[in-house]
Amino acid sequence: MSDSRDVLARVEREQAQYLEELKEYIRIPSISTDPDYKGEVLRCAGFLADKLRAAGLTVETIETEGHPLVYAEWLGAPGKPTVLFYGHYDVQPADPLEEWRNPPFEPTEEGDCLVARGTTDDKGQSYTHVKAVAAMLAERGRLPVNVKFLVEGEEESGGEAIEKFVRADAGRKLGCTSVVVSDTSMYQPGVPALTYGLKGLAYFEIRVYGPNRDLHSGVYGGGVTNPLNALCGIVASLRDEATGRVRIEGFYDDVRPLADWERKEFAALGFDEVEQRRDLEGAVRSGVVGYTYLERTWARPTCDLNGIFGGYMGKGAKTVLPAWAGCKVSFRLVADQTPAKIAELLRAHVEKVTPAGVRVEVDYLHGADAVTVDATGPEAEAALSALEDVWGVRGVRVRTGGAIPIVGTFAQVLQVPVLLLGFGLEDDRLHSPNEKFNISHYYNGIRTVVRLLDRMGG
Ligand code: BES
Ligand code: MN
Ligand code: MN
């Protein structure tokens, strides 16, 4: 473990510039799901490629059917480990726009927080990799390990480009000794974390079709199956409200139970449900028997309605029996559930509970496998020590309810440890208005990556 004082002093001196550079990156509205922003997504990939090149890496922008991948490498340390950094340069849409305090793509400093879309998810977090490597190369002209970057532009929109690329590459270009991802959160302010479990996802749209046109609800009501009523029945049948338990037959068959050591570690974290209730103004499920809050959110599968639509949604009242209705519903999965099997079970369930007089379509929109990684090997130890070097507190091992689809593929194809080394906070409002990233976390993230590389390089 060599000493990092030289580079850390440079980071200290230059941090204001690093922040300005991050702001430039954030100003590019790289919304991957919206075709109107295709040009901006491309421009964002170009920005990142330029910065990696300027830092001294060999860079390649890889065209795909969707948005490009940015690949970069520096392989000047033969015989040393090779770290593959993953991140995503795309962001979620900014709406609802009226709820932002400042324009969503104008990064604004509010105390220690940088507020804008993409600050924490994932530009600010993953740019710590770029600046750490750039600072090390600038200071020393070399790195203690080899590094590769693979940064994608469609993580937020369910794109498959990276999945295809990683599978086709099969560890040739991407061969490495560990993968480092910064797209998760710390346990709480002041307590850094290494995440070892990500949930999977299976996301659906369900549409229910009834009569061939909207009808007068007095003239026809009672005589015709109302698709919106039918949809609500279907939705209600999916889960038991009191326990949150999913009522689809076979849904729990592949669920890997929580290990005793995990339940103990979770309990030892002393999660403060009262504080959580205060933050969310009461909206916390309590009284669920069998699993604690952390166990439910981190390690048990869930079912949530994301949106529901149909019928009259304007002002005032309109008496109408709508011709159709729909909803978006998602399941967060845990190992070893798979989106394909869940899709099959959902279809069978919906068919069983659909009343006569309507036709139902179930579309699978996208998904991801759940993944748990080993957080006990030498790489994980190096990461926990690097966190401790910088934050002064030993990192804790946590899981999360979020999904990062490519992580499971990395683990499977590359067969190396994946370090989920996040610098965000649970209240960063990712995907929400006024998303933020603590500026001190950006700087500490850079320092942590510097320490990690020096520790790995020995
Ligand atoms: N960075 C998040 C995942 C995340 C959030 C991990 C919070 C840990 C803590 C990622 O960008 C994300 O939003 N993933 C999506 C999945 C995707 C298929 C749209 C998610 O979890 O909804
Ligand atoms: Mn993310
Ligand atoms: Mn996200």
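Residues numbered from 1 in each chain as written. Chains lettered and ligands numbered in written order. Predicted model: local features only at pLDDT ≥ 70, side-chain atom pairs only at ≥ 80, totals over all residues. Heavy atoms only, no water.

1. Regarding the overall build of the protein chain
So, step 1. Looking only at helices and strands, the protein chain has 12 helices and 16 strands in total.
So, step 2. What you see for the protein chain is a C-alpha radius of gyration of 24 Å, in line with the 23 Å of a compact globule of 458 residues.
So, step 3. If one aligns the C-alpha atoms of the protein chain with their principal axes, the spans along those axes are about 80 × 50 × 45 Å.
So, step 4. Across the protein chain, contacts joining residues at least 24 apart in sequence account for 79% of those joining residues at least 6 apart.
So, step 5. When the accessible surface of the protein chain is totalled, it reaches about 19900 Å², and 50% of it is carbon and sulfur.
So, step 6. For the protein chain, the distance from the average site of its 51 positive side-chain charges to the average site of its 67 negative ones is 2 Å. (Helix = DSSP H or I, 4+ residues; strand = E, 2+ residues; numbered from the N terminus. Rg over C-alpha atoms; globule rule 2.2 N^0.38 Å. Contact = heavy atoms within 4.5 Å. Areas by Shrake-Rupley, 256 points an atom, 1.4 Å probe, with all protein chains shown as cover. Lys, Arg positive; Asp, Glu negative; His and termini not counted. Charge placed at Lys NZ, Arg CZ, Asp CG, Glu CD.)

2. Things to note about the coordination of the manganese ion (ligand 2)
So, step 1. Summarising the metal site, the manganese ion (ligand 2) is bound by the protein donors H88 (NE2), D121 (OD), D183 (OD) and D183 (OD), whose distances to it range over 2.0 to 2.3 Å.
So, step 2. Its six donor atoms give the manganese ion (ligand 2) angles of 57 to 167 degrees at the centre, a pattern that matches the irregular case.
So, step 3. The distance between the manganese ion (ligand 2) and the manganese ion (ligand 3) is 3.6 Å, with D121 acting as a donor to both metals. Here D121, found in helix α3 (residues 119-140), pairs with D183, found in the loop between β7 (178-181) and β8 (193-198); they are 62 residues apart in sequence, far enough to count as distant. (Donors = N, O, S within 2.8 Å, 3.2 Å for Na, K, Ca; no water. Tetrahedral: all angles 85-135°; square planar, octahedral: opposite > 155°, others 65-115°.)

3. Some details on the pairing of β7
So, step 1. Alternating positions in β7 separate into two faces, S178 and V180 on one and V179 and V181 on the other, with burial throughout.
So, step 2. Bridge analysis of strand β3 (residues 82-88) against β7 gives four bridges, and the strand direction is parallel. Across the sheet, the residue bridging to F85 is V180, located in β7.
So, step 3. Across three bridges, the pairing between β7 and strand β15 (residues 418-422) is parallel. Within the sheet, the bridge partner assigned to V181 lies in β15 and is L420. (Buried < 20%, exposed > 50% of the residue type's maximum accessible area, 1.4 Å probe, protein only. Pairing = 2+ DSSP bridges.)

4. So, the domain arrangement of the protein chain
So, step 1. In terms of domain boundaries, the protein chain breaks down into domain 1 (5-198 + 371-457) and domain 2 (200-255 + 301-368).
So, step 2. Distance from the C-alpha centre of domain 1 to the C-alpha centre of domain 2: 36 Å.
So, step 3. Counting residues at the interface gives seven residues for domain 1 and five residues for domain 2.
So, step 4. Overall, the association of domain 1 and domain 2 removes approximately 460 Å² of surface from exposure, summing both partners, and the carbon and sulfur fraction of that is 59%.
So, step 5. On the surface where domain 1 and domain 2 come into contact, there are zero salt bridges. (Domains from an automatic or database assignment. Buried area = accessible area lost by both parts, 1.4 Å probe. Salt bridge = Lys/Arg side-chain N within 4 Å of Asp/Glu carboxyl O.)

5. With respect to the state of the cysteines
So, step 1. Applying the stated criterion to the full structure yields zero disulfides.
So, step 2. Free of any disulfide, C232 has its nearest neighbouring cysteine sulfur in C327, separated by 8.8 Å.
So, step 3. For C232, a relative accessible area of 40% puts it in the partly exposed group. (Disulfide = S-S within 2.5 Å.)

6. Comments concerning the coordination of the manganese ion (ligand 3)
So, step 1. Looking at the metal site, the manganese ion (ligand 3) is ligated by D121 (OD), E156 (OE), E156 (OE) and H431 (NE2), spaced 2.1 to 2.6 Å from it.
So, step 2. When the donor residues of the manganese ion (ligand 3) are listed from N- to C-terminus, their spacing reads D-x34-E-x274-H.
So, step 3. Classification of D121 by relative accessible area gives buried; the value is 6%.

7. A short note on the nonpolar core
Nonpolar side chains tend toward joint burial in soluble globular proteins.
So, step 1. Counting 104 residues, the largest nonpolar core has L57, V147, F149, L150 and F410 as its most contacted members.
So, step 2. Tallying contributions element by element places helix α12 (residues 439-457) first for this core, with nine residues.
So, step 3. Other than its neighbours up to four places away in sequence, L150 contacts L69, V70, Y71, L84, F85, Y86, G87, I162, F165, V166, L174 and F410.
So, step 4. In terms of nonpolar packing, the next biggest core, distinct from the first, is built from 28 residues, C327, L333, V334 and L346 among them. (Core = buried A, V, L, I, M, F, W, Y, C linked by side-chain atoms within 4.5 Å.)

8. Some words on α12
So, step 1. Between its first and last C-alpha atoms α12 spans 27 Å; for 19 residues at 1.5 Å apiece the expected length is 27 Å, and the two agree.
So, step 2. Judged by how many residues are buried, α12 sits mostly within the fold: 17 of 19 residues are covered.
So, step 3. G458 sits one or two residues past α12 and shows a positive phi near 80 degrees. (Expected span 1.5 Å × (residues − 1).)

9. So, the sheet that holds strand β11 (residues 324-333)
So, step 1. Taken in spatial order, the four strands make up an open sheet running β10-β11-β9-β12, and their pairing is antiparallel. Edge strands, defined here as strands with exactly one partner in the open sheet, are β10 (302-310) and β12 (359-368). Taking each pair of neighbouring strands and ignoring which way they run, the sheet shows an average axis angle of 15 degrees.
So, step 2. Strand direction decides the pairing type here: strand β9 (residues 200-209) and β12, joined by nine bridges, are antiparallel. Bridging from a neighbouring strand, E205 pairs with D363 of β12.
So, step 3. Strands in contact with helix α5 (residues 227-238) are β9, β10, β11 and β12; relative to β11, the strand with the most contacts, it is inclined by about 15 degrees.
So, step 4. Against the sheet, helix α9 (residues 339-353) makes contact with β9, β11 and β12, and its axis sits at roughly 165 degrees relative to β12, the strand it touches most. (Axes fitted to C-alpha atoms, helices over the stretch in contact; angles between N-to-C directions.)

10. As for the environment of A170
So, step 1. Position of A170 relative to the elements: it lies in the loop between α4 (161-169) and β7.
So, step 2. A relative accessible area of 44% means that A170 is categorised as partly exposed.
So, step 3. Taking the C-alpha atoms as reference, A170 lies 34 Å from E426; in sequence the two are 256 residues apart.

11. Considering the site of ligand 1
So, step 1. Near ligand 1 lie 15 residues; those nearest to it are E155, D183, R332, A403 and H431.
So, step 2. Note that an oxygen atom of ligand 1 is positioned 3.2 Å from one of the side-chain N or O atoms of H88.
So, step 3. At 2.8 Å, a side-chain N or O of R332 approaches an oxygen atom of ligand 1.
So, step 4. Look at ligand 1: alone it shows 520 Å² of surface, and the protein chains cover 90% of it.
So, step 5. Counted by class, the shell around ligand 1 contains four nonpolar, six polar and five charged residues.
So, step 6. Shared between two domains, the shell around ligand 1 holds at least three residues of each, these being domain 1 (5-198 + 371-457) and domain 2 (200-255 + 301-368). (Near = heavy atom within 4 Å. Polar contact = N/O pair within 3.5 Å; in protein donor to acceptor, adjacent residues only side chain to side chain. Nonpolar A, V, L, I, M, F, W, Y, C, P; charged D, E, K, R; others polar.)

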